[in-house]
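Structure assessment
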Amino acid sequence: MEIANHKVVVVGGSSGMGLAVVRAALEKGAQVVAVARSAEKLARAVDELGFGGKVSSLAADVTREDDVRRLFETIGHFDHLVVTAAGDLAYQPIRELDLDATRRIIDSKLIAALLLAKHAAAYIDEHGSLTFTSGIAAERPLPNGLVVAAVNGALFSLTYGLATSLAPVRVNVLSPGWVDTPIWEAVAGKDKPARFEQMSRRLPAGRIGRPEDIAHAALFLMENEFTTGTVLRVDGGHRLV
Ligand SMILES: NC(=O)c1ccc[n+]([C@@H]2O[C@H](COP(=O)([O-])OP(=O)(O)OC[C@H]3O[C@@H](n4cnc5c(N)ncnc54)[C@H](OP(=O)(O)O)[C@@H]3O)[C@@H](O)[C@H]2O)c1
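The paragraphs below set out a description of the structure included in this document. Computed from a prediction, not measured in an experiment: that's the story for all the values here.

1. Details of the overall build of the protein chain
In terms of regular secondary structure, the protein chain is built from eight helices and seven strands. A compact globule built from 241 residues should have a C-alpha radius of gyration of about 18 Å, and the protein chain, at 17 Å, falls within 12% of that. Partitioning the intrachain contacts of the protein chain with sequence separation of at least 6 by distance along the chain shows that 71% fall at a separation of at least 24. In the structure as shown, the protein chain presents an accessible area of about 11500 Å², 51% of it carried by carbon and sulfur atoms.

Here is the structure:
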């Protein structure tokens, strides 16, 4: 299946991996709707892409059910949904666990995924696909990143369940390793170059991931008609080191 002329919705489409998926889908001839909370950031990102009428943007907070319902009512029938959104991924050791921060992480990746699946179901083409984004933390949890690890692991299980309950719509999950996106300014700040260099030396792939690596995998999951219920790891071999 080719995605040329398909309607592709990318939640998280104003930054990092999501923005790379938007660009890759446009280059393949798809019509793309980019979604994120900040309308200004979205407008800037979409403007810079320069694909004219092939790309549009809609502001929504996908942790809120009203926003998600309205989002799909506005978009109508569509073919593929790719979700890369995540916010407020506070890292905290278990002994200092803050419940509000914990709930924000769960909302941001897991509740959002459930709401998107619930409301997309009425509008997604039966030959279409849904792709979530988990991450290496699911399998290599950091001591102070247990909530992120648990939420990423839950996305694997959710994907297995949805692949059968939403069939024939295909449902898959990407699991990136470390990828150079704006999220790292918050996670590592000025330590980012040193941490990236250290990790590059450890990884079998010999470098940190690029958003384009993830976009390439997202295109595969949209286009390959025989892949569903799959965790696609794009991590440079991180699990092995
Ligand atoms: N980068 C890495 O090394 C890495 C590694 C493993 C896994 N991951 C996972 O990969 C995914 C993509 O990460 P990234 O690095 O590309 O992140 P990013 O550059 O920070 O982009 C996140 C995007 O999600 C949007 N967003 C956040 N919360 C939202 C909400 N409630 N509703 C709608 N949109 C929302 C953001 O825009 P607004 O802020 O305007 O809403 C932004 O467009 C995340 O799930 C992350 O956990 C990343």
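Right, picking up where we left off after that structure.
2. Details of unusual backbone geometry
A cis amide bond links Ala-167 with the next residue in sequence, Pro-168, at an omega value of 10 degrees. The residue Pro-168 is located in the loop between helix H5 (146-165) and strand E6 (170-176) in this model. We note that Asn-5 has phi near 70 degrees; this positive angle belongs to a residue other than glycine. Of note, Asn-5 is situated in the segment before strand E1 (7-11).

3. Describing the environment of Ser-56
The residue Ser-56 is located in strand E3 (residues 55-59) in this model. Judged by its relative accessible area of 35%, Ser-56 falls in the partly exposed class. Ser-56 has contacts with Val-32, Val-33 and Ala-34, leaving out every residue within four places of it along the chain.

4. Regarding empty space enclosed by the protein
Evaluation of the coordinates by the stated rule reveals one cavity of 30 Å³ or more. Of the voids in this model, the largest cavity is the one considered here, and its volume is about 50 Å³. Looking at the largest cavity, the residues that line it are Val-83, Ala-85, Ser-108, Lys-109, Ala-112, Ala-113, Leu-116, Phe-132, Thr-133 and Leu-155. Within the residue set of the lining of the largest cavity, elements represented by two or more residues are helix H4 (99-120) and strand E5 (124-133). Element by element, the count of residues in the lining of the largest cavity is highest for H4, at five residues.

5. So, the sheet that holds E5
Read from one edge of the open sheet, seven strands run E3-E2-E1-E4-E5-E6-E7, paired in parallel fashion. Of all the strands in the sheet, just E3 and strand E7 (231-234) have a single pairing partner and so form its edges. Taken over all neighbouring pairs, the strand axes of this sheet differ in orientation by 20 degrees on average, direction set aside. Across the sheet, helix H2 (residues 39-49) is in contact with strand E2 (31-36) and E3; its angle to E3 comes to roughly 170 degrees.

6. Topic: the packing of aromatic side chains
Counted according to the given criterion, the structure contains five aromatic pairs. Between the aromatic rings of Phe-72 and Tyr-123, the centroid separation amounts to 6.5 Å while the plane-to-plane angle is 15 degrees, which identifies the pairing as stacked. Remark: Tyr-123 occurs in the loop between H4 and E5 and Phe-72 occurs in helix H3 (residues 65-75); sequence separation between them is 51 residues. According to the relative accessible area criterion, Tyr-123 is partly exposed, its value standing at 26%. Taking 4.6 Å as the distance between ring centres and 50 degrees as the angle between the ring planes, the aromatic pair formed by Trp-178 and Trp-184 counts as tilted.

7. Some details on the nonpolar core
By size, the foremost hydrophobic cluster in this structure holds 39 residues, and its most contacted members are Val-9, Val-11, Phe-72, Phe-78, Leu-81, Leu-116 and Phe-132. At the level of elements, E1, E2, H3, strand E4 (78-83), H4, E5, H5 and E6 are the ones that each hand at least two residues to this core. When near neighbours in sequence (up to four residues on either side) are disregarded, Val-9 contacts Val-33, Val-35, Ile-75, Phe-78, His-80, Leu-81 and Val-82. Leu-26, Ala-36, Ile-214 and Leu-221 belong to the second largest nonpolar core, which has 30 residues in total.

8. Focus: the site of the ligand
Near the ligand, the surroundings consist of 30 residues, among which Ser-14, Ser-15, Arg-37, Thr-181 and Trp-184 are the closest. Within the side chain of Ser-14, an N or O atom sits 2.7 Å from an oxygen atom of the ligand. Separating an oxygen atom of the ligand from a side-chain N or O atom of Lys-109 is a distance of 2.9 Å. Every element with two or more residues in the shell around the ligand is listed here: helix H1 (16-27) and helix H6 (183-188). When grouped by side-chain class, the residues that make up the shell around the ligand number 13 nonpolar, 13 polar and four charged.

9. A few points about the side chain of Asp-125
When you line up the elements, Asp-125 lands in strand E5. Comment: no salt bridge for buried Asp-125; closest opposite-charge side chain is Arg-170, at 9.4 Å. Within the structure, Asp-125 has its side chain in polar contact with the side chain of His-77 (distance 3.1 Å). Look past the residues within four positions of Asp-125 in its chain and what remains in contact with it is His-77, Phe-78, Asp-79 and Val-169.

Thresholds applied
- Residues numbered from 1 in each chain as written.
- Predicted model: local features only at pLDDT ≥ 70, side-chain atom pairs only at ≥ 80, totals over all residues.
- Heavy atoms only, no water.
- Helix = DSSP H or I, 4+ residues; strand = E, 2+ residues; numbered from the N terminus.
- Rg over C-alpha atoms; globule rule 2.2 N^0.38 Å.
- Contact = heavy atoms within 4.5 Å.
- Areas by Shrake-Rupley, 256 points an atom, 1.4 Å probe, with all protein chains shown as cover.
- Buried < 20%, exposed > 50% of the residue type's maximum accessible area, 1.4 Å probe, protein only.
- 1 Å grid on protein atoms, 1.4 Å probe; cavity = no way out; pocket = protein on both sides within 12 Å on 5 of 7 lines; lining within 4 Å.
- Points joined across faces, edges and corners; volume = space filled by probe spheres on them.
- Pairing = 2+ DSSP bridges.
- Axes fitted to C-alpha atoms, helices over the stretch in contact; angles between N-to-C directions.
- Phe/Tyr/Trp six-rings, centres within 6.5 Å; stacked < 30°, edge-to-face > 60°.
- Core = buried A, V, L, I, M, F, W, Y, C linked by side-chain atoms within 4.5 Å.
- Near = heavy atom within 4 Å.
- Polar contact = N/O pair within 3.5 Å; in protein donor to acceptor, adjacent residues only side chain to side chain.
- Nonpolar A, V, L, I, M, F, W, Y, C, P; charged D, E, K, R; others polar.
- Lys, Arg positive; Asp, Glu negative; His and termini not counted.
- Salt bridge = Lys/Arg side-chain N within 4 Å of Asp/Glu carboxyl O.

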